[in-house]
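Architecture and fold: a report
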Amino acid sequence: MSPTVTTSSEANGNVSAATARAAAKAAVDAAATGPQPVTLAKALNTAMADAMHADDSVLVFGEDVGMLGGVFRITDGLTKTSGPSRCFDTPLAESGIVGMAVGMAMNGMRPVIEMQFDAFAYPAFEQIFSHVAKMHNRTKGAVKLPMVVRVPYAGGIGGVEHHCDSSEAYYAHTAGLKVFTPATVADGYRMLREAIDSDDPVVFMEPKKLYWSKDLVDLGALRDEHAANAARGTSSEGRAAVARAGTDATLIAYGPSVPTALAAAAAAAEEGRSLEVVDVRSIVPFDDETVCASVRKTGRAVVIAEAHGFASVASEIVARIQERCFHHLAAPIRRVTGFDVPYPAPKLEHYYLPGVDRILDAVDDLQWED
């Protein structure tokens, strides 16, 4: 049976023919079952559409997210299916976008806002750091901020500066924020639904170069999984995942670096070396248990991230492993990260980004006895 789709007619008392057709199409799409080729962009879009259908307090806004559907079309169709009062464009003022979301979240709504590009969020840092992250603590738990700040981030798209920063360390360092970053299509849907459900603010880092990656995914099954988890009060929040099993060393990555780590593990297998790949998924909260269990098993580790290496999330992961797994390590932990320079021009980004060869060089440097 096809699900009922909430449209702007229910909120505004009237509906255009175009909106009705869009709602009908959404119902057909929602009823599709079985594994289908799905992009990460589609998974994120579906997650927001489903959340808006399930909860009238969920709304989406940001620069060009309305009729255009966002720079990367992640919000495409949401205005048509849910109405312009629930998915709408804002002025080019990131601080204002976040400030408005804070007020809405304080008053019972669940805003999902888009920062368009990673470095475009910098004008909103004061709002995020001083208010979003601290409101719950400031009010002794009386005021919650159930809001999601979506940040398309990292490189690999040939963008110029201010379009390819990896800014996750700023958010991870700020107590009071959760920081999620999916690397797979299924996790894109799963983790965004959980972020929207969270009563705490979530900075949702979306690897923009993976937007058009495809997997065979059953969106209906993911909807059912989410509903079952919500009913049980469980989720995948804060849990890492073993993306590839191995025995000789552990590659630890998140977001855009996970496919690169998997490619390196596949290349290493051709040379007779078995590398395990752990997808961090949730930077805050961090899953020490899964990461350390893998490192204790293999005895060696390489941490991979696109961001600068100095004072980074990768640095924190290395420190946590060193503290918890010291007596299991057969070699010092290595990092493969972006270089400590401003993000380079498009023609030079392939030198800057961690690649398979750099990862395999780090693996070769793990003090193998042979």
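Below: a short report on this structure. (Residues numbered from 1 in each chain as written. Predicted model: local features only at pLDDT ≥ 70, side-chain atom pairs only at ≥ 80, totals over all residues. Heavy atoms only, no water.)

**Describing helix α9 (residues 185-197)**
For α9, with 13 residues, the first-to-last C-alpha span of 19 Å sits near the 18 Å given by 1.5 Å per residue. The element α9 is largely enclosed, with a buried count of 12 among its 13 residues. Turning to α9, its buried residues are Val 185, Ala 186, Asp 187, Gly 188, Tyr 189, Arg 190, Met 191, Leu 192, Arg 193, Glu 194, Ala 195 and Ile 196. (Helix = DSSP H or I, 4+ residues; strand = E, 2+ residues; numbered from the N terminus. Expected span 1.5 Å × (residues − 1). Buried < 20%, exposed > 50% of the residue type's maximum accessible area, 1.4 Å probe, protein only.)

**Some details on the pairing of strand β14 (residues 334-338)**
In this sheet, β14 lies alongside strand β13 (residues 301-308) in parallel orientation, the contact comprising four bridges. For His 308, the partnering residue across the bridge sits in β14 and is Gly 338. Between β13 and its parallel partner β14, the chain crosses via helix α13 (residues 313-325), and the hand of that crossover is right-handed. (Pairing = 2+ DSSP bridges. Right-handed = clockwise from strand over helix to strand, strands pointing away.)

**Concerning the environment of Cys 292**
Along the chain, Cys 292 turns up in helix α12 (residues 288-298). Taking relative accessible area as the criterion, Cys 292 reaches 3% and is therefore assigned buried. Counting along the chain gives 56 residues from Cys 292 to Ser 236, while the straight-line C-alpha distance between them is 18 Å. In this view, Cys 292 contacts Arg 324 and Cys 325; residues no more than four positions away in its chain are not counted. (Contact = heavy atoms within 4.5 Å.)

**Remarks on the packing of α12 against α13**
Helix packing geometry: the angle between the two helix axes and the distance between the axes. For the pair α12 and α13, interaxial distance at closest approach is 10 Å and the crossing angle is 65 degrees. Relative to α13, the crossing made by α12 is right-handed. Note on element contacts: α13 touches α12 through Arg 320, Ile 321, Arg 324 and Cys 325, opposite Asp 288, Val 291, Cys 292, Val 295 and Arg 296. The class makeup of the residues in the contact of α12 with α13 is five nonpolar, no polar and four charged. (Axes fitted to C-alpha atoms, helices over the stretch in contact; angles between N-to-C directions. Left-handed = near helix turned anticlockwise from the far one by under 90°. Nonpolar A, V, L, I, M, F, W, Y, C, P; charged D, E, K, R; others polar.)

**Structural notes on the pattern of salt bridges**
Taken as a whole and judged by the stated rule, the model has 20 salt bridges. With its nearest N and O atoms 2.6 Å apart, the salt bridge here joins Glu 206 to Arg 150. One end of the pair, Glu 206, is in strand β7 (residues 202-207); the other, Arg 150, is in strand β5 (residues 148-153), with 56 residues separating them in the sequence. Note that Arg 190 and Asp 187 form a salt bridge whose closest N and O atoms lie 2.6 Å from each other. In this pair, Arg 190 and Asp 187 both sit in helix α9, three residues apart, roughly one turn of the helix. Taken individually, Arg 190 and Asp 187 each receive the classification buried, so the pair is uniform in this respect. Among the ionic contacts, a cluster of salt bridges with common partners joins Asp 288, Glu 316, Arg 320, Glu 323 and Arg 324. (Salt bridge = Lys/Arg side-chain N within 4 Å of Asp/Glu carboxyl O.)

Everything listed here is a matter of coordinates, which is why it stays silent on function.
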